[in-house]
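# Understanding the architecture of this molecule
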Amino acid sequence: MPRDVDMEGGGKSDWVRITSVDGFSFMVLRKVAMGSGTLKNMLSSDSNFAEALSGTCPLQERAVVLEKVLEYLAYKNTYEENGSKDDLEHFEKRVPPEIALELLMAADYLES
Amino acid sequence: MSRNNVRGPTSALTEFLRESGITTALVTRRVRQGQGARADPQQPAAGPSNADGENAEDGSAQDAANEEYNSDKLDESEDENPSAKKKCKLSKKAAEKAKAKEKAKLKKKKGGKDDDSDYEDDEDEYTALSKSMYAKTSPAKPPVGSFENCAKCEKKFTVTRYTVAANPPPGFLCHDCAKATGTDPFKKPALPRKRKNPQDKRKVVNFDDKELPSLASMCIKIISNHINDVEALGNIGQVNLDEISRVLARNRSMTCENAPLLYDIQNTKLTLYDATKLTPPAFCTLASLNPGVESLRLDYCGRINDSALSHWSGHLTSLNRLELLGPFLIRIEGWKTFFQSHPQLTGFLITQSPRFDLSCVESLVENCPNLTELRLAQIGKMSDEFLPHIASLQHLEYLDLSEPSSSLSSEAVTRLLEAVGSKLTHLNLSSNDLLDDTVLTEGLLPHAKKLSTLILKNTPELTDSGVASFFKGFRSNPPLHHICMERNHNLGDKALKALLHHSGKELRELNINSWKETGNEPLTTIGNLAPQLRTLDVGWCRQVDDFVVKAVLEGCQNITNISVYGCNKLTINCPRKHGVKIRGIETNAI
């Protein structure tokens with residue numbers, strides 16, 4: 001259910017779709033997805049990548065990992081801009097240790 | 001104590017002393033006696049054991065005071081004892097008693113000191129009485145309007161609210177005498193100073209942007225916390241592997257069990273940042289599981305021994321760079337066998353190895369002529385005799401001979417630099433406290449052509465003008481990238497100016513910690529003259545102020561770290577910039 005909201009970003013959808021290898025898809029705000037270096041390159045308007053044109057990034061990650069990555073990106077988006085980091089929640093507590101290794105590899109790939 | 005008998009809460013000791021009849025007045029007098037004795041050296045030491053040293057009454061004021069005092073102090077001898085015999089008998093007893101009191105007094109003083117340690121007194125802290133014991137307040141002042149005899153001129157006078165207690169006590173002074181002593185009778189009693197909160201006393205401010213931790217770093221932390229549940233790390237990449245090794249070291253949680261997670265048959269480079277818990281068999285395992293390793297660095301490898309090293313000799317055949325921190329247990333023979341089996345060694349870097357001696361160096365130089373990196377830091381047996389051997393290593397680029405137990409001599413180092421200086425890029429001769437300017441002017445100046453890193457910490461013989469003339473004449477060498485000359489107290493303006501002039505435009509890292517005499521003006525030029533600077537340490541350079549930091553922040557675009565411990569001229573208004581860590585702002589202005 002992509003909402004086609006025209007934003008100043010050249011008429012592109014404000015939301016992007018990220019799909020996992022096991023068939024789940026996640027809708028995230030474009031600026032949240034931009035927190036990852038790799039996704040940013042994929043979605044960059046300068047490039048002619050299929051991902052940029054369709055606004056969909058298929059990633060070779062399991063949904064459970066991908067969900068956590070996107071959760072982190074949202075967390076980063078929330079806290080990176082506002083200056084006070086005193087009330088920072090500890091994201092570490094939200095990562096189940098059993099996916100930590102897989103998450104590390106995903107994080108490494110996505111440059112987040 | 002006070003006139004109105006209202007007392008605040010007192011400590012158990014005070015209570016005890018009061019019950020024992022030890023009053024503040026007594027203690028004060030005793031102290032006065034101590035001062036009197038110091039003032040008049042001819043007087044036999046008026047310590048408590050000198051009960052028999054009662055002074056002959058010769059009428060001098062000093063003696064009179066002392067006598068009065070002495071009699072006060074030794075309670076029994078208050079009335080000059082009529083018979084010498086009795087006095088003799090008494091004196092011992094008195095001495096004992098006085099001794100006990102002295103002890104109590106000391107105790108009390110000590111207690112008082114603890115309480116009042118924050119008051120800044122101009123008196124010597126160790127002899128000063130605690131505030132409450134001052135005679136000024138303690139002996140009851142006669143009521144205003146009554147008559148009193150002056151303690152000095154013995155004239156009768158009227159007590160007013162401005163009447164001053166005689167110093168030294170006891171008694172009070174008439175107006176004239178009070179004036180003569182120079183004390184201001186109208187001075188208001190000083191308000192009790194507020195005690196500083198210990199946390200506030202030394203407030204150090206660090207400007208440190210907290211970066212949001214990256215997801216990868218968080219994962220690494222989680223993995224490290226659960227490292228013992230991990231069966232294999234899989235393909236997480238060399239950088240992450242190294243990062244995990246680093247985090248494990250930080251927690252000191254690398255053990256024989258989890259260390260193999262970092263091993264791989266394809267590893268060519270392996271770094272364990274804290275190998276404290278690895279035993280000699282674990283080091284053998286390391287060699288067996290990483291047969292292809294070429295560069296090996298082990299920090300805190302205190303338990304490595306000859307057996308492990310000889311195992312390496314057979315298994316780590318492609319090893320060409322070895323860096324060890326703290327291989328204490330390796331014996332001379334162990335080193336020699338290792339060198340013999342590794343003639344291809346290009347890097348040998350060890351720190352703290354007390355058994356490494358001259359014969360080891362001979363063996364190293366003989367077997368491994370291709371060495372480009374050599375570190376023999378904190379080697380107990382290091383001496384000038386090592387240097388001729390090192391001089392025959394023709395390919396040396398990195399040389400670290402820092403912190404030997406006894407310093408190398410300037411002549412020997414100069415000769416070494418003549419031989420190997422031309423290729424050196426990194427030189428560390430820290431804490432060789434005999435090195436003087438000749439090492440720079442005769443050793444480095446004519447021979448060093450490629451040097452980019454110079455580390456000379458704590459070499460107190462270097463002089464300001466010597467270092468200045470070195471940098472002025474150092475035209476043969478391109479600008480240095482990294483200069484660390486901390487704890488050289490004699491260096492200052494001239495050295496800094498010449499240094500910045502020679503190397504400023506390429507300088508990445510500069511440490512002039514403790515150049516305490518450096519003036520404000522040359523410090524302010526750092527920002528302009530060293531635009532590439534990334535790390536700067538100007539700790540304990542007393543003239544560093546907000547403008548020096550401002551110039552650095554504006555002039556050096558890549559600066560990330562500034563250390564300013566002990567720069568008291570900085571204020572809380574010290575400029576700051578996003579992404580730049582400024583550490584150690586310590587100011588009274590906060």
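Throughout, a residue's number is its position along its own chain's written sequence, starting from 1. Naming scheme: in the order in which they are written, chains are lettered from A and ligands are numbered from 1. Whole-chain, interface and lining totals are the exception, using all residues; otherwise, since this is a predicted model, local features are given only for residues with pLDDT of at least 70 and side-chain atom pairs are given and counted only at 80 or more. Side-chain numbers come from the whole structure's heavy atoms, not from hydrogens or water.

### Brief notes about the overall build of chain A
Helix and strand definitions here come from DSSP, where helices need a minimum of 4 consecutive H or I residues and strands a minimum of 2 consecutive E residues; each element is numbered from the N-terminal end. On a plain count of helices and strands, chain A comes out with five helices and three strands. Taken from N to C terminus, the helices and strands of chain A fall in the order β-β-α-α-α-β-α-α. Residue burial is assigned from relative accessible area. The probe radius is 1.4 Å, only protein chains are included, and a residue is buried under 20% of its type maximum, exposed over 50%, and partly exposed in between. Counting across all 112 residues of chain A, residues that qualify as buried make up 41%. For chain A, contacts bridging at least 24 residues in sequence account for 53% of all contacts bridging at least 6. With an accessible surface of roughly 6,400 Å², chain A has 52% of that area assigned to carbon and sulfur atoms. It only takes one pair of heavy atoms within 4.5 Å for two residues to be counted as in contact. Here the open area of atoms and residues is found with the Shrake-Rupley method and a 1.4 Å probe, where only the protein chains shown may cover a residue.

### Notes on the overall build of chain B
A tally of helices and strands in chain B yields 20 helices and 18 strands. Long-range pairs, those at least 24 residues apart, make up 69% of the contacts in chain B with a sequence separation of at least 6. Total accessible area on chain B stands at roughly 30,100 Å², and carbon and sulfur atoms take up 51% of it.

### So, the packing of helix H11 (residues 332–341) of chain B against helix H12 (residues 358–367) of chain B
Residue and element names in this part refer to chain B. Interaxial distance between H11 and H12 falls to 9 Å at its minimum, and their mutual angle equals 5 degrees. Our classification of the angle between H11 and H12 gives roughly parallel. Counting all contacts with H11, which are made through Ile-332, Trp-335, Lys-336, Phe-339 and Gln-340, the residues of H12 involved are Ser-359, Cys-360, Ser-363, Leu-364 and Asn-367. Polar here means any residue outside two lists: the nonpolar Ala, Val, Leu, Ile, Met, Phe, Trp, Tyr, Cys and Pro, and the charged Asp, Glu, Lys and Arg; Gly therefore counts as polar. Within the contact of H11 with H12, the residues separate by chemical class into five nonpolar, four polar and one charged. An axis is simply a line fitted to the C-alpha atoms; with a helix, the fit covers only the stretch in contact. Between two such axes, the angle follows the N-to-C directions and lies from 0 to 180 degrees. Angles are sorted into four bins: roughly parallel if under 35 degrees, roughly antiparallel if over 145, roughly perpendicular if 65 to 115, and oblique for all others.

### Examining the pairing of strand S5 (residues 204–207) of chain B
All names here are of chain B. Every second residue of S5 is oriented toward a common face, the buried set being Val-205 and Phe-207 and the non-buried set Val-204 and Asn-206. Across three bridges, the pairing between S5 and strand S18 (residues 581–586) is antiparallel. Looking across to S18, one finds that Val-205 is bridged to Ile-585. For two strands to pair, DSSP has to find at least two bridges joining them.

### Remarks on the packing of aromatic side chains
Side-chain rings of Phe, Tyr and Trp (the six-membered ring for Trp) are treated as a pair once their centres are within 6.5 Å; stacked means planes under 30 degrees apart, edge-to-face means over 60, and tilted covers the remaining angles. Evaluation of the coordinates by the stated rule reveals 14 aromatic pairs over all chains. Pairing Tyr-75 of chain A with Phe-91 of chain A gives two aromatic rings, centres 4.9 Å apart and planes at 40 degrees, and the pair type is tilted. Remark: Phe-91 of chain A occurs in the loop between helix H4 (63–81) and helix H5 (100–110) and Tyr-75 of chain A occurs in helix H4; sequence separation between them is 16 residues. For Tyr-75 of chain A, a relative accessible area of 5% gives the class buried. By relative accessible area, which is 1% here, Phe-91 of chain A ends up buried. Grouped by ring-pair contacts, the aromatic residues Trp-335, Phe-338, Phe-339, Phe-348 and Phe-356 of chain B constitute a single cluster. Over the ring of Phe-147 of chain B we find Lys-156 of chain B, and its NZ or CZ is 5.1 Å from the ring centre. Should the NZ of a Lys or the CZ of an Arg lie within 6 Å of a ring centre and within 35 degrees of the ring normal, that charge is described as sitting over the ring.

### Quick word on the UniProt feature "domain: DNA repair protein rhp7 treble clef" (unreviewed entry) in chain B
The UniProt feature table records "domain: DNA repair protein rhp7 treble clef" (unreviewed entry) at residues 144–182 of chain B. The span residues 144–182 of chain B shows a helical share of 18% and a strand share of 26%, and its end C-alpha atoms are spaced 22 Å apart. UniProt positions are given in the numbering used here, feature names are shortened, and annotations may be inferred rather than shown by experiment.

### Observations regarding the pattern of salt bridges
Basic side-chain nitrogens of Lys or Arg form a salt bridge, by our definition, when they fall within 4 Å of a carboxyl oxygen of Asp or Glu. Under the criterion given, the structure shown has 16 salt bridges over all chains. A salt bridge links Glu-102 of chain A to Arg-62 of chain A, with the nearest nitrogen and oxygen atoms 2.8 Å apart. Of this pair, Glu-102 of chain A sits in helix H5 while Arg-62 of chain A sits in the loop between strand S3 (56–58) and H4, and the two are 40 residues apart along the sequence. Of the residues examined, Arg-62 of chain A reaches a relative accessible area of 37% and is grouped as partly exposed. As a salt-bridge pair, Lys-550 of chain B and Glu-554 of chain B come within 3.7 Å of each other at their nearest N and O atoms. Of this pair, Lys-550 of chain B and Glu-554 of chain B both sit in helix H20 (residues 546–555), four residues apart, which is roughly one turn of the helix. What makes Glu-554 of chain B exposed here is its relative accessible area of 52%. Each of Arg-297, Asp-299, Arg-321, Glu-323, Glu-373, Arg-375 and Asp-400 of chain B takes part in salt bridges that share partners, so that together they form one network.

### Considering the packing of helix H15 (residues 437–447) of chain B against helix H16 (residues 464–473) of chain B
Residues and elements named next belong to chain B. Closest axis-to-axis distance for the H15/H16 pair is 8 Å, and the angle between their directions is 15 degrees. Considering the angle they form, H15 stands roughly parallel to H16. For the pair H15 and H16, the sense of crossing is left-handed. Taking contact as the criterion, the partners of Asp-437, Leu-440, Thr-441, Leu-444 and Leu-445 in H15 are, on H16, Gly-466, Val-467, Ser-469, Phe-470 and Gly-473. Handedness of a helix crossing follows the sense of rotation of the near helix relative to the far helix, less than a right angle counterclockwise being left-handed and clockwise being right-handed.

### Description of the nonpolar core
Core analysis: the largest hydrophobic core is formed by 158 residues, its most contacted members being Trp-312, Phe-348, Phe-356, Leu-376, Ile-390 and Ile-526 of chain B. A per-element tally of this core places H4 of chain A first, with nine residues. Within the second largest apolar cluster, eleven residues are counted, among which are Cys-150, Phe-157, Ala-165 and Leu-173 of chain B. As used in this record, nonpolar core signifies buried Ala, Val, Leu, Ile, Met, Phe, Trp, Tyr and Cys residues forming a set joined through side-chain atoms within 4.5 Å.

### Here's the deal with unusual backbone geometry
All names here are of chain B. Of note, the phi angle at Gln-352 is positive, near 60 degrees, even though the residue is not glycine. Summarising the element assignment, Gln-352 is placed in the loop between strand S9 (347–351) and H12. Of note, the phi angle at Ser-431 is positive, near 55 degrees, even though the residue is not glycine. As for its placement among the helices and strands, Ser-431 is situated in the loop between strand S12 (426–428) and H15. Among the residues examined, Ser-431 registers a relative accessible area of 19% and is labelled buried.

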